[in-house]
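Now for the letters of each chain:
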Amino acid sequence: MFKNYATRHLGFFGLMLAFLTCCLVSCSDDKVESGGSFDPSKSVKITDFVPKSGSVGQQLVLQGENFGNDTSLINLTIGGKKAIVVSANNTNIYCYVPSKAFTGEINLSVGNDKMGVQTAEAAEKFNYERKMVVGTLCGYKNERDDQGWNDGSFETCTGFRNDGVMQFSPYDHNQLFIVYDQEPTYGQVAHGIQILDLKERTVKTIIPLSKFNNERLRTIDFIVDPFAYDEDGNVLTETKTVVDEETGLETEKTVAVRSDAQWEANATARQKHWKEHLILAADNNDNNYRAHSVYIVDRDSEGEFSANSSVRQLACYRQCNGASVHPNGEIYFTSYTNGEVLRLDMNKYWDTVEANAVSAGSATWNPYAKDNLYDPNTGESTGTGAFQKLYTVQDTGWEFQIDIHPSGKYAYIVVINQHYILRTDYNEATHSFAPPYQVAGQMKTEGFTDGVGKSSTMRRPYQGTFVKNDKYVEEGRDDVYDFYFCDSRNNALRYLTPEGILTTYAGGSSATHADGKTEGSENGELRDVARFNRCTGLVNDVHKDAITGENTLIFYILDTMNRCIRTITMEDNSSEEEEIPLEPSEEQTAATANVK
């Protein structure tokens, strides 16, 4: 569907060498004095430029005559967009290509109204190549950081100040859900669950934390149940003839209708969305292993997720950092206390739901994992046997989340507080994940190094997302996905290939900024310009390219300390590609006037 776009530029020293070479050639061949002042009585000429093509942020050298050496007198546009002029020496101008310079015309004016102005246009056009760039979707941070939390349009909303993760509704990718961890200051209550409506361009808080006893929520995912529904959200039922195995007698039994390919093909969007349920991991502790760990949330009577939604305890254990849904419907969740990974057989839960749906029964679900364990070694179970302890990741106190590959064949375990990533492979025979092995980063070692396997380093990795790579598809590889993730304390997005090669994708640009810091709020070119400030949430999707009309990759990023949602997509697809303002617009000020 889409390709990875590398950020290749000529190096600074290489361009400076070209710049000096141009100066020498100009001096020797054209006999124009290098470093001379602009002469308004003489024409300005552009004789050449290098390189001939590039993207936003490309370093460019113009060659010609009578440019002068005062950059304040130089106005240079490329494709109608103002370029940043770094320096000039009468025969050469050193500059950067601006964003959206699509048409490529190079136009130059030198001088001012007092002394006079001379203009010139290059004989050929610069070949502008579009590339992936960072933009801002919504949110902002003022100088006092007191803008607060405000739902509303993308132009006016504020908040996004907690570490958190995001997830799309399976049946509606216009709806992007966010769940937040607690405030950066330990002990403060986090914000409720929000939804970004990408079609309506609004942000809304849909479920308050009071529905979860103000507990610490860590991850959000969706699960789709196996039933068929009518428009009002009622499970469809049918009557079947059932033969009793012991007596051989036939009886009529009402059962729930399970959805199949035919139902999916004919069902309306409203019928389908009743099948969606939220899965939320909660980080609570209890020495008796009865702490609320995983919740399941149903839609309310109007078909929405809201304060009226039914919230049920799905699993109770200890200090769950994450819960993820396998493509086959199994749920895997973690325990920080013991460093464990547990499996939940959701078929047993759906059987309980089905029993209640068809007979208005009073069947109850027992969420206590320790009381309902299945032992694969003996084949024996306690209670329902719905839960299974798989393995210990490393030790106690390992804060980690699970990201399952779209195929379900393996998952990455992102160990947040120990700065490395494990891989766990799925066993089709046992229907569970095998003990993991390390694939990237160094245990307990913080750093910011690209490399292969354990030679790489990271600093507090957070949410990740699998992205299809067209090159892998063309090559016929078995695994066609790279794994992109937020390296939160390095203020960067990085990606891990199936071979274990870790590469920085965007942000972390300390070497290209005067302050020498990785954190920042700049938008634009991925590696040399754009910066983040403790990004934690990351998802990807496709949308229609504004120029070509083809499907194009887009990332959505929760940029915690910048208090906003950022995007990465093909240039001219983002609605906002300017710098994040230090002060809000008049519209934003009006929306937050009552925030103290």
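Predicted model, so just to flag it, every value in this text is computed and none were measured.

A separate point is the nonpolar core. Inside soluble globular proteins, nonpolar side chains tend to come together where they are buried. Grouped together as the largest cluster of nonpolar side chains are 58 residues, with contacts concentrated most on Phe160, Leu196, Leu493, Tyr505 and Ile568. The dominant element in this core, judged by the number of residues it contributes, is strand β41 (residues 551-559), at six residues. Apart from residues lying up to four places away in sequence, Ile568 is in contact with Met132, Val133, Val134, Leu493, Tyr505, Ala506, Leu526, Phe532, Leu553, Ile554, Phe555 and Ile557. In this structure, Ala281, Ile296, Leu342 and Ala386 belong to the second largest nonpolar core, which totals 29 residues.

Here we come to the packing of aromatic side chains. How two aromatic rings sit relative to each other is given by the distance of their centres and the angle of their planes. Per the stated rule, a full pass over the model turns up 28 aromatic pairs. Seen from their ring centres, Phe168 and Tyr556 are 5.9 Å apart, and the 75° between their planes marks the pair as edge-to-face. Residue Phe168 is located in strand β13 (residues 164-169), and its partner Tyr556 is located in strand β41; the two are separated by 388 residues in the primary sequence. Tyr556 matches Phe168 in its accessibility class, with the two residues each being buried. For the pair Phe466 and Phe483, a centre-to-centre distance of 4.9 Å together with 50° between the ring planes defines the contact as tilted. Note that Phe466 is positioned in strand β35 (residues 461-468) and Phe483 in strand β36 (residues 481-487), a separation of 17 residues in sequence. For the pair Phe466 and Phe483, one class covers both residues: buried. Feature note: the residues Phe227, Phe333, Tyr349, Trp350, Trp365 and Phe387 constitute an aromatic cluster, connected by ring pairs. Here the basic side chain of Lys52 rests over the ring of Phe49, its NZ or CZ set 4.3 Å away from the ring centre. Here the basic side chain of Arg423 rests over the ring of Tyr410, its NZ or CZ set 3.7 Å away from the ring centre.

Rules used throughout
Note on numbering: residues in each chain are counted from 1, in written sequence order. Selection of residues for local features in this predicted model requires a pLDDT of at least 70, selection of side-chain atom pairs for listing and counting requires 80 or more, and totals for whole chains, interfaces and linings are taken over all residues. Here the side-chain values reflect all heavy atoms present in the structure, with hydrogen atoms and water set aside. Nonpolar cores were defined as sets of buried Ala, Val, Leu, Ile, Met, Phe, Trp, Tyr and Cys residues, with membership established by side-chain atoms within 4.5 Å. Each residue is placed in one exposure class: buried if its accessible area under a 1.4 Å probe, protein chains only, is under 20% of its type's maximum, exposed if it is over 50%, and partly exposed if it falls in between. Strands here mean DSSP runs of E at least two residues long; helices mean DSSP runs of H or I at least four residues long; both are numbered from the N terminus. Contacts are assigned to residue pairs that have any heavy atoms within 4.5 Å of one another. We call Phe, Tyr and Trp rings a pair once their centres come within 6.5 Å, taking the six-membered ring for Trp, and we label the pair stacked below 30 degrees between planes, edge-to-face above 60, and tilted otherwise. Either the NZ atom of lysine or the CZ atom of arginine qualifies as a charge over a ring when it sits within 6 Å of the ring centre and within 35 degrees of the ring normal.

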